[in-house]
Amino acid sequence: MLKAVGQALFSTGLQNPKFTAEEKPGQDYEVRIYQAAKWVSTTVSGMQWDAAMNTGFRRLFSYIQGNNHSKVNVDMTAPVSCRVDPGAGPACESQFTISFYIPEEHQDSPPEPSDAQVYVEQRKEFTAYVRTYGGFSNEKMKREELMKLMESLQRDGVPYMEKPFYAAGYDSPFKLTNRRNEVWVLKKEQE
């Protein structure tokens, strides 16, 4: 347990999902192709992004602490991703799917979650446009960085999906400097 708590508090050296980055010719975003992989996830409905993230994080942290059918502790990974499926209007609830990447040693057969609100998700390979920023991220910053990313993609004539979109955080709340946060939008596949 102390190892997982330490990993969550000081998020250096954590396993990350595998991706390849394409060349970045002076752009203010990166193009990444993520490999297919399993993630452990939970979905929270709500109006507030940060509150949904906190609820989802607690559920997933319980899973990696052994709240699974195998009673196995699972190493913390980074990033914590949050898929946002926006509600139909400003006063409508959105769906927030918070996820931890499952470490390599558990990819073939991840422990089955004990909590009915937690599930293992198989993500297919996907291409994301990624904007990285620092500081202590909050809902306002995520929205601002997402808008900057979308404006850059529009400027460059790059087709993308407006929704869902993602936020990703790599650091514990106790890391004070050199923090890494990202927003992701998915590449629009040619029809």
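The shown structure was predicted, so the numbers you read here are calculated from the model rather than taken from an experiment.

Caption draft 1: Spotlight on the overall build of the chain. In terms of helices and strands, the chain carries three helices and nine strands. Secondary structure of the chain in N-to-C order comes out as α-β-β-β-α-β-β-β-β-α-β-β. What you see for the chain is a C-alpha radius of gyration of 16 Å, in line with the 16 Å of a compact globule of 191 residues. When the backbone C-alpha atoms are referred to their principal axes, the chain occupies close to 50 × 40 × 40 Å. Here the chain holds 191 residues, and 46% of them are scored as buried. Of the contacts made within the chain by residues no fewer than 6 positions apart, 72% connect residues no fewer than 24 positions apart. Accessible surface, the chain as shown: approximately 10,200 Å² in total, 52% of it carbon and sulfur. Side chains of the chain carry 23 positive and 25 negative charges; the gap between the two charge centres is 3 Å.

Caption draft 2: Here's a closer look at unusual backbone geometry. Residue Ala 78 is joined to Pro 79 through a cis peptide bond whose omega torsion reads 5 degrees. Residue position: Pro 79 is located in the loop between α2 (49-64) and β4 (80-85). Although it is not a glycine, Lys 71 adopts a positive phi angle of roughly 55 degrees. Its location among the elements puts Lys 71 in the loop between α2 and β4. We classify Lys 71 as exposed; its relative accessible area is 64%. Of note, the phi angle at Asn 178 is positive, near 50 degrees, even though the residue is not glycine. Considering the arrangement of structural elements, one finds Asn 178 in the loop between β8 (160-169) and β9 (181-187).

Caption draft 3: Local environment of the confidence of the model for the chain. In this model, the chain carries an average pLDDT of 90, and 92% of its residues clear a pLDDT of 70 or more. Strand β6 (residues 118-123) holds the highest mean pLDDT among the elements of the chain, 98, whereas helix α1 (residues 2-9) holds the lowest, 39. This model gives residues 1-10 a pLDDT under 50, and the stretch forms 17 contacts once residues within four places in sequence are excluded.

Caption draft 4: Representation of the pairing of strand β2 (residues 30-34) in the model. For β2, the tally of buried residues reaches four of five residues, placing the bulk of the element in the interior. Bridge count for strand β1 (residues 19-21) against β2 is three bridges, and the pairing is antiparallel. Its bridge partner being in β2, Thr 20 is matched across the sheet by Ile 33. Two strands pair when backbone bridges link them, and β2 and strand β7 (residues 126-133) are joined in this way by five bridges, in the antiparallel orientation. Note on β7: the bridge partner recorded for Arg 32 is Ala 128.

Caption draft 5: Highlighting α2. Relative to the 22 Å expected for 16 residues at 1.5 Å per residue, α2 spans 22 Å between its end C-alpha atoms, a close match to the ideal helical length. Inspection of α2 places Trp 49, Ala 52, Met 53, Gly 56, Arg 59, Leu 60, Phe 61, Tyr 63 and Ile 64 among the buried residues, and these make up the whole buried set. Immediately beyond the C-terminal end of α2, within one or two residues, lies Gly 66, with a positive phi of roughly 110 degrees.

Caption draft 6: Fine view of the side chain of Gln 107. Tracing the backbone shows Gln 107 in the loop between β5 (94-101) and β6. A residue is classified by how much of its surface remains accessible, and Gln 107, at 13% relative accessible area, is buried. In this view, Gln 107 contacts Ala 37, Lys 38, Tyr 101 and Ile 102; residues no more than four positions away in its chain are not counted.

Quick notes on the rules
- Residues numbered from 1 in each chain as written.
- Predicted model: local features only at pLDDT ≥ 70, side-chain atom pairs only at ≥ 80, totals over all residues.
- Heavy atoms only, no water.
- Helix = DSSP H or I, 4+ residues; strand = E, 2+ residues; numbered from the N terminus.
- Rg over C-alpha atoms; globule rule 2.2 N^0.38 Å.
- Buried < 20%, exposed > 50% of the residue type's maximum accessible area, 1.4 Å probe, protein only.
- Contact = heavy atoms within 4.5 Å.
- Areas by Shrake-Rupley, 256 points an atom, 1.4 Å probe, with all protein chains shown as cover.
- Lys, Arg positive; Asp, Glu negative; His and termini not counted.
- Charge placed at Lys NZ, Arg CZ, Asp CG, Glu CD.
- pLDDT = per-residue confidence, 0-100.
- Pairing = 2+ DSSP bridges.
- Expected span 1.5 Å × (residues − 1).

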